[in-house]
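# A closer look at the structure
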There are 2 protein chains.
Amino acid sequence: MKIAVDAMGGDHAPDEIVRGALLYRKEGGPSDLVLVGREDQIRKALGADVPPGITIRAAQDVVGMDEHPATALRRRADTSIGVATAMVKHGEADAVVSAGNTGATMAAALLVLGRIRGIDRPALCGMLPTAKGKPACLLDAGATMDADEHNILQFARMATRFMEKIHGVDRPSVGLINVGEEPEKGGRMQLAAHALLEGAEDLNFYGNIEGRDVTRGITDICVTDGFTGNVLAKGMEGVVDVFVEG
Amino acid sequence: MKIAVDAMGGDHAPDEIVRGALLYRKEGGPSDLVLVGREDQIRKALGADVPPGITIRAAQDVVGMDEHPATALRRRADTSIGVATAMVKHGEADAVVSAGNTGATMAAALLVLGRIRGIDRPALCGMLPTAKGKPACLLDAGATMDADEHNILQFARMATRFMEKIHGVDRPSVGLINVGEEPEKGGRMQLAAHALLEGAEDLNFYGNIEGRDVTRGITDICVTDGFTGNVLAKGMEGVVDVFVEG
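Everything quoted here is computed from the prediction, not taken from an experiment.

### Observations regarding the overall build of chain A
- If you tally the helices and strands in chain A, you get nine helices and nine strands.
- Relative to a compact globule of 246 residues, whose C-alpha radius of gyration would be 18 Å, chain A shows 20 Å and is just as compact.
- Along the longest, intermediate and shortest principal axes, the C-alpha atoms of chain A span 60 × 40 × 35 Å.
- With 246 residues in all, chain A has 46% of them scored as buried.
- Taking as baseline every contact in chain A between residues at least 6 positions apart, the subset at least 24 positions apart corresponds to 62%.
- Accessible surface for chain A amounts to roughly 12100 Å². Of this, 50% is attributable to carbon and sulfur atoms.
- When the 26 positive and 35 negative side-chain charges of chain A are each reduced to one mean point, those points stand 4 Å apart.

Structure (structure tokens):
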């Protein structure tokens, strides 16, 4: 397997990204990595002794953290995330990884790779630690704001395949984030989503879960709209900050 | 000031409620308390030596934690929360306090006291600890699910008066819970609410805040719809559980 890595995306890129790539190879990571970005900077960060399984693909441009992602991608053909994503499109890589502008990564996937049939809107997945020791998949953590019940069903399907294929979970359980366990709880959207999820025979639907159930690890997947998921994830982060920083 | 206390509401009622009332008087609490509920049980919990400033109002019935609140209140005239709330209505008490069924407390307020002019929907307020040492008012923490932008504006007004009058905060700042600081962030409802809040001259509107800003204490008030507020509060509780219980 070959992974295209956006070497220019994220804090202290490309140095930290290159260090991560070298560490991956040193620790015996099984995939080949293609570092995509400014060749001179990447080469300097790599040093003289480049291990096997790491190559470079030149891309002169970068999407900044404060740029409008889709506009930047449409105007500039040679961005690191655009080139890395195009490698997947053209079969030159099997996957793309970026620690940069989230919107740009999503926009590149949408513009370059296109949508999977049956999936109307994007979703972000956050893997959260739980009291049970195994991580839970929170989806959507912030991509689609006004998600309707059909989007929620699609998110549950995407998360199910992800947990099966990537995390090796057999029939991952899906919880719908709500204000109570009973099926009649929630707003209009949650009521409709509950009915759709309950009727989906390809899903292992657990039922409604509450905010506190995410870290309890009640279900493998916690599905919600992007607004709620984003506020929830950041609210939990805020509590961790208080405990860690005091 | 006289406070009607629902002596039958909450875990281990009326014993724990009565213990709290006795403690309040012992510590010099300035208000008179009326314990509302089953007289024999309350009298037994109070013991022989009832301090001044504590009286009993008989109410034979109780709304259980798993009952439908409005139905229970409509069918049974003699519930502790119903009688306690009616005391406020009739000027026999200045306020009512209950640790029981939240929905019953809200339904009693709505059915017995009615709505304030200009306020269409109820909201629950949660006072949350923050890193700045002063608590923040999270509103709505779970009463109104499908709140629109007009509800949000009304919630901000209720929270502002509450923080001024009860917590003595001068011009409390109002943050709109959203997925980013920029005014154009969020879903349809948040965009509309941001515009309304910005135009409300009686409010000290800070702008958008993110989930993590609640515990950071960025604003005195964190306003949102009841669905988001409930999921956020319980999600934060879940993280605390993990830290405290491991």
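Don't stop here, the text continues.
### Thoughts on the interface of chain A and chain B
- Contacts between chain A and chain B engage 31 residues on the former and 31 residues on the latter.
- Buried surface at the junction of chain A and chain B, summed over both partners, amounts to about 2900 Å²; 67% is from carbon and sulfur atoms.
- Our count for the contact surface shared by chain A and chain B stands at eight salt bridges.
- Across the pair Asp146(A) and Arg188(B) runs a salt bridge, and its minimum N-O distance is 3.8 Å.
- At the boundary of chain A with chain B, the tally comes to 14 residue pairs in polar contact (both at pLDDT 80 or more).

### Some details on the nonpolar core
- In terms of nonpolar packing, the biggest core is built from 30 residues, with Ile177(A) and Ile177(B) touching the most fellow members.
- Those elements giving two or more residues to this core turn out to be β6 (136-139) and α9 (226-245) of chain A together with β6 (136-139) and α9 (226-245) of chain B.
- With residues up to four places along the chain from it excluded, the contact list for Ile177(A) reads Leu138(A), Gln190(A), Ile209(A), Val214(A), Cys222(A), Val223(A), Thr224(A), Leu232(A), Phe227(B) and Val231(B).

### With respect to unusual backbone geometry
- The omega torsion across Leu139(A) and Asp140(A) is 10°, close enough to zero to call that bond cis.
- Structurally, Asp140(A) can be placed in the loop between β6 and α6 (149-165).
- In this structure, Pro14(B) follows Ala13(B) across a cis peptide bond, with omega equal to 0°.
- Topologically, Pro14(B) is positioned in the loop between β1 (2-6) and α1 (15-26).
- Notably, Arg171(A) is not glycine yet its phi reads approximately 45°, a positive angle.
- Along the chain, the position of Arg171(A) falls in the loop between α6 and β7 (173-177).

### Describing the domain arrangement of chain A
- Assigned domains of chain A: these are domain 1 (2-113) and domain 2 (125-245).
- The C-alpha centroid of domain 2 of chain A is placed 29 Å from the C-alpha centroid of domain 1 of chain A.

### Describing the pairing of strand β3 (residues 54-58) of chain B
All names here are of chain B.
- Across five bridges, strand β2 (residues 32-37) lies against β3 in parallel orientation. In the strand pairing of β3, Leu35 is matched with Ile56.
- In this region the chain leaves β2, passes through helix α2 (residues 39-46) and returns to the parallel neighbour β3; the handedness of that crossover is right-handed.

### Details of the relation of the copies chain A and chain B
- Least-squares fitting of chain A to chain B yields an RMSD of 0.0 Å, with the transformation described by 0.0 Å of translation along the axis and a rotation of 180°. On this basis, the relationship between the two copies can be described by a two-fold rotation axis.

Basis of the calculations
Residues numbered from 1 in each chain as written. Chains lettered and ligands numbered in written order. Predicted model: local features only at pLDDT ≥ 70, side-chain atom pairs only at ≥ 80, totals over all residues. Heavy atoms only, no water. Helix = DSSP H or I, 4+ residues; strand = E, 2+ residues; numbered from the N terminus. Rg over C-alpha atoms; globule rule 2.2 N^0.38 Å. Buried < 20%, exposed > 50% of the residue type's maximum accessible area, 1.4 Å probe, protein only. Contact = heavy atoms within 4.5 Å. Areas by Shrake-Rupley, 256 points an atom, 1.4 Å probe, with all protein chains shown as cover. Lys, Arg positive; Asp, Glu negative; His and termini not counted. Charge placed at Lys NZ, Arg CZ, Asp CG, Glu CD. Buried area = accessible area lost by both parts, 1.4 Å probe. Salt bridge = Lys/Arg side-chain N within 4 Å of Asp/Glu carboxyl O. Polar contact = N/O pair within 3.5 Å; in protein donor to acceptor, adjacent residues only side chain to side chain. Core = buried A, V, L, I, M, F, W, Y, C linked by side-chain atoms within 4.5 Å. Domains from an automatic or database assignment. Pairing = 2+ DSSP bridges. Right-handed = clockwise from strand over helix to strand, strands pointing away. Least-squares fit on C-alpha atoms with pLDDT ≥ 70 in both.

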